[in-house]
Amino acid sequence: MSITIAVHSCKGGTGKTSIALNLAGVYAASGKNVCLLDLDSKAPYLSSVFSPQSKQWVNDVLFGKCTVMDVIHDVSDEIGVSGKLYVGLSDPDIIAIRDISSKDRKWQAKALQVIMDAKRHLTSAGMDVIILDTGPGVDFSSINAVAAADYVLVVIKPNKPCLVGTGQVVNGVYKLLGKKCGIIENMCHETHFLHSLSNTLFDLPVLASIPCMCDVQLKTDLGIFTLKEPEHIFSKSMSKIADKILEQGD
Ligand SMILES: Nc1ncnc2c1ncn2[C@@H]1O[C@H](COP(=O)(O)OP(=O)(O)OP(=O)(O)O)[C@@H](O)[C@H]1O
Ligand SMILES: [Mg+2]
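Note that the structure is a prediction, hence the values are computed from the model and not measured. (Residues numbered from 1 in each chain as written. Chains lettered and ligands numbered in written order. Predicted model: local features only at pLDDT ≥ 70, side-chain atom pairs only at ≥ 80, totals over all residues. Heavy atoms only, no water.)

### Remarks on the overall build of the protein
Here is the rule we go by: To qualify as a helix, a DSSP run of H or I must reach at least 4 residues; to qualify as a strand, a run of E must reach at least 2; elements of each kind are numbered from the N terminus. Our radius of gyration is a C-alpha quantity, and the globule rule it is checked against amounts to 2.2 Å times the number of residues to the power 0.38. We call two residues in contact when some of their heavy atoms are within 4.5 Å. Accessible areas in this description were obtained via Shrake-Rupley with a 1.4 Å probe; residue shielding takes into account the shown protein chains only. The positive count covers Lys and Arg only, the negative count covers Asp and Glu only, and His and the chain ends enter neither. Where a charge sits is defined by one atom per residue type, namely NZ (Lys), CZ (Arg), CG (Asp) or CD (Glu).
The helix and strand inventory of the protein stands at 11 helices and nine strands. The C-alpha radius of gyration computed for the protein amounts to 17 Å, which stays within 12% of the reference 18 Å derived for 250 residues, consistent with globular compactness. With the C-alpha coordinates aligned to their principal axes, the bounding extent of the protein is approximately 50 × 40 × 35 Å. Within the protein, residue pairs in contact and separated by at least 24 positions form 74% of the contacts whose partners lie at least 6 positions apart. As displayed, the protein has an accessible area near 11500 Å², and 54% of this comes from carbon and sulfur atoms. Positive and negative side-chain charges of the protein, numbering 24 and 26 respectively, have mean locations separated by a distance of 6 Å.

In structure tokens form, the structure reads like this:
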């Protein structure tokens, strides 16, 4: 059985990409076949973690120029995992970013179809877990990823604007689309975990509360933190989250 997880948040900078990347590492290290797709084409990041190996990008898939299988490449040996990790990168070139940012609603409706096709291709190719890194907020490109997912991992920072915005997106998007969801509160002060007040927020399970830790911030560019420092509290949280998603996703 395959699961597609969209990592999303209503605001930027909550830790979506860090969590998507590290979850992918945890699943691949546990022996699963994993595909991590950068669907944040307006602010791509994963091309700074993995060197591009294909001449084609996720952008080309969205434009209907090729399939997702032409774009993904295997980084398992590079990161040293027992399973498989494939990544599909978005083009970081400013021209590509401007191009995709200018697309209208009709184009985005077609892009959703393309993402659903990509999910089918990846599932048929034997992926156990497909992780979609998304952009923040509710524009079409972000909501397309959410719509294509089986599970939405909602990342919040424990501050008022993020909580108010998340409440709106939970009711106005995730619940309307009938998505299974779990919340991670990230970059918390250790003494102020919302999680300690309740195990749920907006009637959704809180999977973890992760403190704000300088080493996570400082080592962002060094690859997959969880694989480099498996005993770190951040890495332990990622493993727990990975298990809980699979339990909840069943
Ligand atoms: N628990 C944490 N403690 C400290 N720093 C963190 C933590 N989680 C993520 N960060 C850092 O916060 C910054 C933003 O993280 P990240 O890029 O993953 O967020 P994002 O939600 O993907 O942002 P965007 O909305 O721009 O795509 C990064 O520098 C990352 O290293
Ligand atoms: Mg990001």
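### What about the sheet that holds strand E4 (residues 84–88)?
The following threshold applies: Strands were regarded as paired on the criterion that DSSP finds at least two bridges between them. Axes here mean lines fitted to C-alpha atoms, for a helix over just the part in contact, with angles spanning 0 to 180 degrees between N-to-C directions.
Pairing is mixed in the open sheet, where nine strands are placed in the order E3-E4-E2-E5-E1-E6-E7-E9-E8. The open sheet has two edge strands with one neighbour each: strand E3 (73–74) and strand E8 (200–201). Here strand E2 (residues 33–38) pairs with E4 via five bridges, running parallel. Along E4, the bridge assignment pairs Asn33 with Lys84. Against the sheet, helix H6 (residues 105–124) makes contact with strand E1 (3–8), E2 and strand E5 (129–133), and its axis sits at roughly 150° relative to E5, the strand it touches most.

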